[in-house]
Amino acid sequence: EESCVIEEVALLRIPDQVLSDPLHPGEDIDGDIVFECLNSDGTTTVLDIDKDQKIALEGMVRDGSVVPGETALDISKATITQDRISLPHGKVNVKHTARVPGR
């Protein structure tokens with residue numbers, strides 16, 4: 001795929017349970033925000049990004065340049081596996097804002 005729609009997910013712990021990081025086994029991610037890609041087939045895949053890319057995406061969400069559930073992300077150069085989409089290091093490339101089908 002060339003692009004996917006950015007989704008923002010807040011991970012919150014259920015009392016007395018550990019919330020494991022899907023990208024870093026053994027780490028607890030209570031209260032963390034992760035980004036996922038909504039694929040054209042309606043499935044979501046975890047977006048594997050580095051710390052700087054995560055900070056940049058969070059900033060774009062705050063300033064309104066990225067709207068979760070609407071903004072498309074360029075993943076043409078990403079490494080795509082069954083359980084994650086890994087962006088190459090560097091700038092996060094947003095394609096455009098479009099309405100998600102069915103929403």
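Starting from 1, residues in each chain are numbered consecutively following that chain's sequence as written. Under the rules for a predicted model, residues below a pLDDT of 70 receive no local features and side-chain atom pairs below 80 are neither given nor counted, while totals for whole chains, interfaces and linings still include all residues. The basis for every side-chain value is the complete set of heavy atoms in the structure, and neither hydrogens nor water enter the calculation.

*Asks:* Which parts of the structure should I look at to understand the state of the cysteines?
*Replies:* Working definition: the covalent bond between the sulfur atoms of two cysteines is a disulfide. The disulfide criterion used throughout: a pair of cysteine sulfur atoms within 2.5 Å. Throughout the structure, instances matching the rule amount to one disulfide. Between Cys4 and Cys37 runs a disulfide, and the two sulfur atoms are separated by 2.0 Å. Of the two residues, Cys4 is situated in strand S1 (residues 3-10) and Cys37 in strand S2 (residues 33-38); the sequence distance between them amounts to 33 residues. Burial status follows relative accessibility: with a 1.4 Å probe on protein chains alone, a residue under 20% of its type maximum counts as buried, one over 50% as exposed, and anything between as partly exposed. Relative accessible area serves as the criterion here: at 2%, Cys4 is assigned to the buried category. Looking at Cys37, the relative accessible area reads 0%, which means it is buried. Think of it this way: any DSSP run of H or I at least four residues long counts as a helix, any run of E at least two long counts as a strand, and we number them from the N terminus.

*Asks:* Quick question: what am I supposed to make of the pairing of S2 here?
*Replies:* The side chains of a regular strand alternate, residue by residue, between the two faces of the sheet. Paired strands, in this sense, are two strands between which DSSP finds at least two bridges. Pairing of S1 with S2, which is carried by six bridges, proceeds in the antiparallel orientation. Looking at the pairing, Ile6 lines up with Cys37 of S2. Here S2 runs beside strand S3 (residues 44-48); their pairing, made up of three bridges, is antiparallel. By the bridge assignment, Glu36 is partnered in S3 with Val46.

It is worth stressing that arrangement in space is one thing and function is another; only the former is reported here.
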